[in-house]
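# Structural overview
Residue strings, one per chain:
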Amino acid sequence: MKIRRKNILDYFFKTLFSNRYSFDINYNKLKEITITLYKWLNLPPEIDERFLELQLFEKGHVLFFKDEELEKFVVMASTISGRWDIYNNPLKRRAYATNGYKAIRSIEDSVLIYNNVLRTSSERETLYFAEKLGFYDQVINVNVNAQKTPIIIKCDENQRLTLENLYQKYDGNQPIIFGDKNLSSQPLEVLKTDAPFTAPDIYDMKVKYWNEFLTYKGVSNVNINKKERLSVDEVNRQLGGSIAARGSGLLMRKKACEEINKMYGLNIDVAFNEDVIMRIQDDEDILINENEIEETEGGLENE
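Description of the structure in this document. (Residues numbered from 1 in each chain as written. Predicted model: local features only at pLDDT ≥ 70, side-chain atom pairs only at ≥ 80, totals over all residues. Heavy atoms only, no water.)

What follows covers the overall build of the chain. Assigned secondary structure in the chain consists of 6 helices and 14 strands. Counting across all 303 residues of the chain, residues that qualify as buried make up 37%. Sequence separation of at least 24 residues holds for 66% of the intrachain contacts in the chain that already meet a minimum separation of 6. With an accessible surface of roughly 19100 Å², the chain has 53% of that area assigned to carbon and sulfur atoms. (Helix = DSSP H or I, 4+ residues; strand = E, 2+ residues; numbered from the N terminus. Buried < 20%, exposed > 50% of the residue type's maximum accessible area, 1.4 Å probe, protein only. Contact = heavy atoms within 4.5 Å. Areas by Shrake-Rupley, 256 points an atom, 1.4 Å probe, with all protein chains shown as cover.)

See the structure below:
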């Protein structure tokens, strides 16, 4: 009983870890895309752009100010407290760092940079899409595995452990499998599940969610089938949702740049990072530049 329970637990934890890895891989991929969507220009050299975008991703806002004690410009995580003005802008800000450093600032000597117009983080939607993509990865794995062993084996309870050990060897692609005396001389009864091969359709669903995420983040993406021909107008309409999605995040970052420049006499700017433009074509993800879409007579064609 203990050995059988151990085998069941091994299968359980293997599946659990596989699910977790699928989620983690997709989450980290989506997070990396998100924090590289914007390119900051003319930042003071002491400002860590990566940390700035990470704070916007995780917290939804980050505080920019010049620290007299450190004698340099900084961006720090902050809590929002104190009174508010008539437009719900916080008048007091408490900045803090993981090393224990703290600073109290106000609307007069600091600028809050917001992630978007709603002032929310990007964590929730990234978790949502990562769970979807990880789920489809696991469904594909299960379906592909079902093509390898689409069977159910009927056996007596006293043969179960023996057959489990044999299956582990089979699943490990062992070329020769030796049975022991506990293996019945009677033919094994096998029930075929005849699992249909649906992995390509599931992958197409995954690609659609991947493209939905890219559109949600403002990253240009065009699904072009090899047999399709799209007009320039059709491509532009597909890109319209992506371009519109950039507005919220870019607007709040540019607004913060204007306030920072006015307060400190700097020349900071921000732009959408065109290097992140992507297209998913057929079964692979490839990085492209929009100029690689060749215009042909009568429309656009993927050659």
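Turning our eyes to something else, we now look at the packing of helix 3 (residues 123–148) against helix 5 (residues 199–217). Between helix 3 and helix 5, the shortest axis-to-axis distance is 9 Å and the interhelical angle comes to 165°. The orientation of helix 3 with respect to helix 5, classified from their angle, is roughly antiparallel. Helix 3 and helix 5 meet at a crossing whose hand is left-handed. Only Ala 199, Ile 202, Tyr 203, Met 205, Lys 206, Tyr 209, Trp 210, Glu 212, Phe 213, Tyr 216 and Lys 217 of helix 5 make contact with helix 3, whose side of the interface consists of Glu 125, Tyr 128, Phe 129, Lys 132, Leu 133, Tyr 136, Asp 137, Val 139, Ile 140, Asn 143 and Val 144. (Axes fitted to C-alpha atoms, helices over the stretch in contact; angles between N-to-C directions. Parallel < 35°, antiparallel > 145°, perpendicular 65-115°, else oblique. Left-handed = near helix turned anticlockwise from the far one by under 90°.)

Turning to the pairing of strand 4 (residues 90–96), a few remarks are in order. Here strand 4 pairs with strand 5 (residues 102–106) via 5 bridges, running antiparallel. Within the sheet, the bridge partner assigned to Ala 95 lies in strand 5 and is Ala 103. (Pairing = 2+ DSSP bridges.)

In total, this model carries 9 salt bridges according to the counting rule given. When the shortest N-O distance is used, the salt bridge between Glu 125 and Lys 217 registers 3.1 Å. Highlighted residues: Glu 125 in helix 3 and Lys 217 in helix 5, separated in sequence by 92 residues. Each of the two residues, Glu 125 as well as Lys 217, counts as buried. (Salt bridge = Lys/Arg side-chain N within 4 Å of Asp/Glu carboxyl O.)

The next subject is the environment of Ile 80. Positionally, Ile 80 belongs in strand 3 (residues 72–84). With 10 residues separating them in the primary sequence, Ile 80 and Pro 90 have C-alpha atoms 6.3 Å apart. Once residues within four sequence positions are removed from consideration, Ile 80 is found in contact with His 61, Pro 90, Lys 92 and Leu 112.

Attention shifts here to a nonpolar patch on the surface. The grouping of Phe 17, Tyr 21 and Ile 25 at the surface amounts to a nonpolar patch, some 350 Å² of accessible area in total. Mapped onto the secondary structure, Phe 17 falls in helix 1 (residues 2–35). Taking relative accessible area as the criterion, Phe 17 reaches 44% and is therefore assigned partly exposed. (Patch = residues over 30% accessible without salt bridge, like charges linked within 9 Å, V, L, I, M, F, W, Y side chains within 5 Å.)

Taken as a whole, this structure holds 11 aromatic pairs when the rule is applied. Here the aromatic rings of Phe 73 and Tyr 264 are separated by 5.2 Å at their centres, their planes lie at 80°, and the arrangement is edge-to-face. With a gap of 191 residues between them, Phe 73 in strand 3 and Tyr 264 in helix 6 (residues 232–264) connect regions that are remote in the sequence. Since its relative accessible area comes to 12%, Phe 73 is described here as buried. The class of Tyr 264 is partly exposed, set by a relative accessible area of 22%. Among the aromatic residues, those joined into a ring-pair cluster are Tyr 128, Phe 129, Trp 210, Phe 213 and Tyr 216. Looking at Lys 29, its charged tip hangs above the ring of Trp 210, at a distance of 5.5 Å from the centre. The ring of Tyr 114 has Arg 119 sitting right over it, with the charged end atom 4.2 Å from the ring centre. (Phe/Tyr/Trp six-rings, centres within 6.5 Å; stacked < 30°, edge-to-face > 60°. Lys NZ or Arg CZ within 6 Å of the ring centre and 35° of its normal.)

Time to look at helix 3. Taking 1.5 Å of rise per residue, 26 residues should cover 38 Å, and helix 3 covers 38 Å from first to last C-alpha, within 8% of that figure. For helix 3, the complete set of buried residues consists of Glu 125, Thr 126, Phe 129, Ala 130, Leu 133, Gly 134, Tyr 136, Asp 137, Gln 138, Ile 140, Asn 143 and Ala 146. (Expected span 1.5 Å × (residues − 1).)

This next bit is on the pairing of strand 10 (residues 269–272). Burial along strand 10 is one-sided: Val 270 and Phe 272 are buried, while Asp 269 and Ala 271, pointing the other way, are not. Bridging between strand 1 (residues 38–41) and strand 10 involves 4 bridges; their strand directions are antiparallel. Within the sheet, the bridge partner assigned to Tyr 38 lies in strand 10 and is Phe 272.

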